[in-house]
Amino acid sequence: TSMSHLRLVRYCLPCVNYAVASCGNITSHCHWGVAALSKCFSWKPSVNKYTVLMLCCLQASEGNQHPSELDWNFIYLAYEVIIHLPSSSKKAILRSIIHCLLKTSHKQAGKDHLRMLMVLLENPQFRDTNTCVIFAHLLRQVSLLSEPNQQCVVFWYCRCRPTRFRELVNKILQFISVRLFPPNLSDLPAPVKCTWWIPSATKVLALLNAANSLHQPLLISYTEFYNTALDHTDLMAEYYAWQSPQGHATMRFSFCQYPFILSMNAKKMILQRDSEHQMLIMAKRSLIEKVHHEQMPHMDNLFLNLCVRRTHLVEDSLNELLAKQVDLKKKVRVTFAGEPGLDMGGLTKEWFLLLVREIFHPDYGMFIPTEKSRLHWFNAASTETDSEFHLIGMLMGLAVYNSTILDIHLPSFCYRKVLSPSSLPSDRRTAVGVVPVSLHDLEELMPTVSKSLKELLAYQGNVEEDFCYTFQVSYEAYGQLVTKELKPGGDDIAVTNENRSEFVDLYVNYLLNTSIYGQFSSFYYGFHSVCASNALTMFRAEEIEMLICGCPYLDIAALEAVTVYDGYCKTDSTIKHFWEVVRSFTTSQQKQLLLFTTGSDRIPIGGVAEMRFKISRLSQPHPHRTDILPMAHTCFNNLLLPPYKSRKRLKEKLLIAVNNAEGFGLK
């Protein structure tokens, strides 16, 4: 009978568990468990054999705390045994799964049906590409669940074990990759017959991504949802289909609807292509306008041309950008007044670098550095105008738009504020840049203040008598003490043991949201005035930070591996000496060299493999002279290196060059 087989499976699997624990060799010591399951899936009654195993799984063990009420230890153990069953039993299991899927309907799904789907998804047989058809139907059933049932599944999965959760995510990612790029076309149905496969799998991944986001800390890194196989598809076609669905089939699926699956490189490529497309549109409009007014078109009309003085960098940059706002969507081209040089990208990099340095300097007063965290934050007492904070936002937007990395040190939650909301609101009265913040966020920026607030929350004594706090916050601004209420009448409300949590929440919110709202809202509108693109909405806050700031870690060995040579080869003594010297540099000196050669001390997204680094031989007009310094074309990441005779001489000249160069020549 079915119940006798149920008991057989239920009684024999603990023997398997004991054998595994004792011997550690499931292949040699699972005879009883394998025999039990083999018998379960070989007997002939009409009852569904896989349902028997499901009944075992649904018998929760005593003390089981998982919200699904499934005995997951039993499930994992059962699947460990199933892997080693004879092929006939494995085929019987797959037939039983098909039977389960055919007999149930997602429209009438109850909790037991959800449990069954969760158990089925764990089946290790679905790692085999031969089971793709069955796995696709299973994923389709999950994707078609009603919204309440999907929320239930999300809640259950956020309590999953990270290792098992990762395995399931990888299994579905592999399924998508195999469908996109099948190793053997004959193994799968024709793509036109299974257009629903990838959408169904991606929707299930979306549920898992939601579960991952609910769990703090994350069960797995958000990067583990990336499918790098998508980097090799026509992503722009996906993007345009998402942008203008009316021009395509109704409700057409696009990976851009589910950006968590797109790798950082894929999103960056989409953003760059979209930016280039907008630049071309603006350039075309300028040319058409010139022709319409019977004027001679000029190449300058294709660029956002900025002419600035080094001695008045911020003032000139602000005036130029405000006067040329209609050209913000064009490619930036910079000229430093009184200096030669054609901007092929290098001068733009230098302009960004110098402007950021000046604006973030403590003496300028717009941002306050914090010593312990080495980060900058908006100065709540700044006397600068909103237009200058707007300029900083525009600067960051232009950097993203022109694929330039900035040396900016802002806390990570700042990028959540930049994406809140992710697109410009139509009503300027809408609050922008306001996000939920916590002590964890404050700790990143102001560790000392965060520590004090944590001590207040943990204090065992009488808070009101011992601390004498009220619902106020005080800070020093230009030598004067400024006091603000955290809530109406806050100066008369004492902080007590009962309301201290509220005090801490209001205090943190004031420091990171309320106190700097005016400055940050100007910054926000400046940023989005340039980056008003739907492509930006696909990025997470962490990805925006990497897009703007690049990677701060420099791998010299990787840089050496991607370097190309002109006039030299790897085995030349000068090149050997060069890399020996660079490896002996401090981290700061290595970054100075990168800055000297490329115009930035940061590595772009994707690491050094994504950048071009070239060393060219600099021929000396007088071979006996040894005072010529290395030079660089930052537009092309090209270092011009003379053939120095000794390692010592090369190091001396290289350090002089990288420590003193600015603009065209030495400082």
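Refer to the structure printed above.
Quick look at the structure, then. (Residues numbered from 1 in each chain as written. Predicted model: local features only at pLDDT ≥ 70, side-chain atom pairs only at ≥ 80, totals over all residues. Heavy atoms only, no water.)

Further remarks concern the packing of aromatic side chains. Applying the stated rule across the entire model yields 30 aromatic pairs. A ring pair is formed by W351 and F352, whose centres lie 4.9 Å apart and whose planes are at 55 degrees; its orientation type is tilted. The cationic tip of R140 hangs over the ring face of W196; the distance from NZ or CZ to the ring centre is 4.4 Å. Lying across the ring of F471, K487 places its NZ or CZ 5.1 Å from the centre. (Phe/Tyr/Trp six-rings, centres within 6.5 Å; stacked < 30°, edge-to-face > 60°. Lys NZ or Arg CZ within 6 Å of the ring centre and 35° of its normal.)

Owing to its 3.6 residues per turn, the α-helix aligns residues three or four sequence positions apart on the same side. In this model, helix α7 (residues 132-143) (12 residues) spans 16 Å end to end at C-alpha, consistent with the 16 Å of a helix rising 1.5 Å per residue. Burial analysis of α7 places nine of its 12 residues in the buried class, which makes it a mostly covered element. Residues of α7 that are buried: C132, I134, F135, A136, L138, L139, Q141, V142 and S143. Tucked into the core, α7 has its buried residues touching α5 (87-103), α6 (111-121), α8 (147-157), α9 (162-180) and α10 (197-214). (Helix = DSSP H or I, 4+ residues; strand = E, 2+ residues; numbered from the N terminus. Expected span 1.5 Å × (residues − 1). Buried < 20%, exposed > 50% of the residue type's maximum accessible area, 1.4 Å probe, protein only. Contact = heavy atoms within 4.5 Å.)

Attention now moves to empty space enclosed by the protein. Throughout the structure, instances matching the rule amount to four cavities of 30 Å³ or more. Taken together, the residues of the lining of the largest cavity break down into five nonpolar, three polar and four charged. If you add up the space inside the second largest cavity, you get close to 60 Å³. What lines the second largest cavity is simply F126, R127, D128, T129, C132, F135, K171, Q174, F175 and V178. (1 Å grid on protein atoms, 1.4 Å probe; cavity = no way out; pocket = protein on both sides within 12 Å on 5 of 7 lines; lining within 4 Å. Points joined across faces, edges and corners; volume = space filled by probe spheres on them. Nonpolar A, V, L, I, M, F, W, Y, C, P; charged D, E, K, R; others polar.)

The strand order across the open sheet formed by four strands is β7-β8-β10-β9, and the pairing between neighbours is mixed. Sheet topology places β7 (564-566) and β9 (631-633) at the edges, where each strand pairs with a single neighbour. Put simply, the sheet's adjacent strands are angled 25 degrees from each other on average, direction ignored. Of the pairings in the sheet, the one linking β7 to strand β8 (residues 614-617) comprises three bridges and is parallel in character. Residue pairing in the sheet places V564 in a bridge with K614 of β8. (Pairing = 2+ DSSP bridges. Axes fitted to C-alpha atoms, helices over the stretch in contact; angles between N-to-C directions.)

Quick look at the nonpolar core now. Formed by 157 residues in total, the largest nonpolar core has its most connected members in Y157, F165, I172, L205, L262 and W351. It is helix α15 (residues 386-401) that contributes the most residues to this core, 10 residues altogether. Excluding its chain neighbours within four sequence positions, the residues that come into contact with Y157 are M118, L121, E122, F165, L168, L208, A211 and L219. With 28 residues, the next largest nonpolar core counts I575, V582, L594 and I615 among its residues. (Core = buried A, V, L, I, M, F, W, Y, C linked by side-chain atoms within 4.5 Å.)

Once that is clear, we can look at a negative patch on the surface. A cluster of acidic residues, E464, E465, D466 and E498, forms a negative patch at the surface. Topologically, E465 is positioned in helix α19 (residues 463-467). (Patch = residues over 30% accessible without salt bridge, like charges linked within 9 Å, V, L, I, M, F, W, Y side chains within 5 Å. Areas by Shrake-Rupley, 256 points an atom, 1.4 Å probe, with all protein chains shown as cover. Salt bridge = Lys/Arg side-chain N within 4 Å of Asp/Glu carboxyl O. Lys, Arg positive; Asp, Glu negative; His and termini not counted. Charge placed at Lys NZ, Arg CZ, Asp CG, Glu CD.)

Attention now moves to the side chain of D274. Along the chain, the position of D274 falls in helix α12 (residues 264-292). One buried charge, D274, has no salt-bridge partner; the nearest side chain with opposite charge is K329, at 7.0 Å. A polar contact is formed between the side chain of D274 and the side chain of S533, at a distance of 2.6 Å. If we ignore the near neighbours within four places in the chain, the residues touching D274 are M236, Y239, S533 and A535. (Polar contact = N/O pair within 3.5 Å; in protein donor to acceptor, adjacent residues only side chain to side chain.)

In the structure shown here, the tally under the stated rule is 19 salt bridges. When the shortest N-O distance is used, the salt bridge between E224 and R166 registers 2.7 Å. Taken together, the positions of E224 in the loop between α10 and α11 (235-243) and R166 in helix α9 put the pair 58 residues apart, joining distant regions of the chain. Residue classification places R166 among the partly exposed positions, given a relative accessible area of 28%. The closest approach of N and O atoms between D427 and R429, which form a salt bridge, is 3.2 Å. Judged by its relative accessible area of 30%, D427 is partly exposed. Among the residues examined, R429 registers a relative accessible area of 74% and is labelled exposed. Salt bridges here are not isolated pairs; linked through shared partners, they connect R127, R164 and E167.

To continue, consider the side chain of R333. In this structure, R333 sits in strand β2 (residues 331-336). Reaching out from R333, the side chain makes a polar contact with the side chain of N305 at a distance of 3.2 Å.

What follows concerns α6. Taken across its 11 residues, α6 has nine buried, putting it largely inside the fold. Among all positions in α6, only H113, L114, R115, M116, L117, M118, V119, L120 and L121 are buried.

Bringing unusual backbone geometry into the picture now. Following Q216, the chain continues to P217 via a peptide bond in cis, the omega torsion being 0 degrees. The omega torsion across S420 and P421 is -5 degrees, close enough to zero to call that bond cis. Positionally, P421 belongs in the loop between α16 (413-418) and α17 (439-445). Although it is not a glycine, C468 sits at a positive phi angle of roughly 55 degrees. In this fold, C468 is placed in the loop between α19 and β5 (472-477).

A full pass over the atoms with the stated rule returns zero disulfides. Between C132, a cysteine without a disulfide, and C194, which holds the nearest cysteine sulfur, the sulfur-to-sulfur distance is 9.7 Å. (Disulfide = S-S within 2.5 Å.)

Every regular strand shows the same layout, with side chains that alternate between the two sheet faces. Note that strand β3 (residues 367-370) and strand β4 (residues 375-378) share four bridges and pair antiparallel. When the bridges of β4 are listed, T370 appears paired with L375. The antiparallel pairing of β3 with β4 creates a hairpin that spans four residues between the two strands, and R374 there sits at a positive phi of about 60 degrees.

These values are about where atoms sit, not about what they do.
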